[in-house]
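Summary of structural features
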Amino acid sequence: MSDIGRIVHVPLREVWRHEALDFTKWLQENLDVLSDTLNIELSSEQREQPVGDFFVDLIATNASGELVVIENQLERSNHDHLGKVITYVAMVGAKQAIWIVSEPRPEYVKAIQWLNEANNGSFYLVKVEAIRINDSAPAPVFTVITGPSEATREAGQIKRDQETSNSLYNEFWRRLLEYARTRTPLHRSLSTGKGNWIATSADLFGVYSLGYSLSRGKGAVYLYIDKPNLGKEYNEAVFHALQSKKEAIQKTFGEEMEWKENPNNRACGISKTLRDTVKLEDESTWGSFFEAMVDTMIRFECALRPYLEASVSSADAVLKRMTEESSDTDASEVPIAPDMFS
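Residues numbered from 1 in each chain as written. Predicted model: local features only at pLDDT ≥ 70, side-chain atom pairs only at ≥ 80, totals over all residues. Heavy atoms only, no water.

1. Quick word on the confidence of the model for the protein
- The share of residues in the protein with pLDDT of 70 or more is 87%, and the mean pLDDT across the chain is 86.
- At the low end of the mean pLDDT range in the protein sits strand β2 (residues 43-51), at 69; at the high end sits helix α8 (residues 246-253), at 97.
- The low-confidence segment residues 329-342, where pLDDT is below 50, has one contact with residues more than four positions distant or belonging to other chains. (pLDDT = per-residue confidence, 0-100. Helix = DSSP H or I, 4+ residues; strand = E, 2+ residues; numbered from the N terminus. Contact = heavy atoms within 4.5 Å.)

Written as structure tokens, this is what we have:
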């Protein structure tokens, strides 16, 4: 089929020798080409409009009458032009910004995505190319690299919600620890956290952590059992040693506890979920909840503390026995595959 032409890429500077005098002027006169690509109705207003000590390449308006900043760059995206885009948007009060470049570098794609997540405006990063078919006149090709979308707005909102949540947790744990230090020395050196739990492993034989957790308004105290370098079998040995004293531990504690061997996880644990609830967003509910949490922790530690060292010793003995049995295995007793020496 000889009537099908071939696309030939043309260097941009061969089509528009000067960015401001040629490309920006052409774009102002042919703004509909960019409008079709972005699916935004754009009307040209001003070219090379002064903003402070700088000049905006183009200021247009969209269908809603809002200002749109257009910054052109017939080269690779860079810091200078990104700064200009942000500055121009802030200075003229634009709701949208379009940054046109010849080569969008990944770090600037990420920067524009971040600006859209912040939801302080709509930012587009557009790649411009020039092509011809065989010996035809050159034509522009605009490609949207990244722009605003419902997904980016939702991602931004999730991040903002998480930041708010982290801030609330930080303050919640700071004040709980402040209160706890008036009642028990257990968490006296613990720093506050931003997640939904805090814990200390100080003075707990290297395998235990005692902590507080909060999830959907329900608080809990817990003993976390994990010696990562020794693995699941060791953690279970510690857990089983404690579990053998379950009746005595719970009698001292005064309530039943939740015993979690967690067969699909390396760590094991023991916990107690409080009946009391709290609203993280409502600081007026925190005071009485702190009291309930710390009271439960004091009883929890008191019930478990007498058995912690002995349980570790028991697990150490189990580990030692397993190691000795493994080293005593005779190599001749290892099954040999029939084709091992074939």
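Back to the write-up after that little detour.
2. Re the pattern of salt bridges
- Within the structure shown, the criterion is met by 14 salt bridges.
- Note that Glu236 is salt-bridged to Lys232, the shortest N-O span being 3.5 Å. Of this pair, Glu236 and Lys232 both sit in helix α7 (residues 231-243), four residues apart, roughly one helical turn. (Salt bridge = Lys/Arg side-chain N within 4 Å of Asp/Glu carboxyl O.)

3. Regarding the pairing of strand β5 (residues 96-103)
- In terms of burial, β5 is a largely internal element, six of the eight residues being buried.
- Pairing geometry for strand β4 (residues 67-76) and β5, over seven bridges, is parallel. From the neighbouring strand, Ile70 faces β5, where its bridge partner is Ile98.
- Between β4 and its parallel partner β5, the chain crosses via helix α4 (residues 79-92), and the hand of that crossover is right-handed. (Buried < 20%, exposed > 50% of the residue type's maximum accessible area, 1.4 Å probe, protein only. Pairing = 2+ DSSP bridges. Right-handed = clockwise from strand over helix to strand, strands pointing away.)

4. With respect to helix α5 (residues 106-118)
- Over its 13 residues, α5 extends 19 Å from the first C-alpha to the last, a length consistent with the 18 Å expected when each residue adds 1.5 Å.
- Within α5 the residues assigned to the buried category are Tyr108, Val109, Ala111, Ile112, Leu115, Asn116 and Glu117.
- Two residues or fewer past α5, Asn119 is found with a positive phi of approximately 65°. (Expected span 1.5 Å × (residues − 1).)

5. Comments concerning the side chain of Thr146
- With respect to the helices, strands and loops of the structure, Thr146 is situated in strand β7 (residues 139-146).
- Contacts of Thr146, omitting those with residues within four sequence positions, involve Val109, Ile112, Gln113, Phe123, Tyr124 and Leu125.

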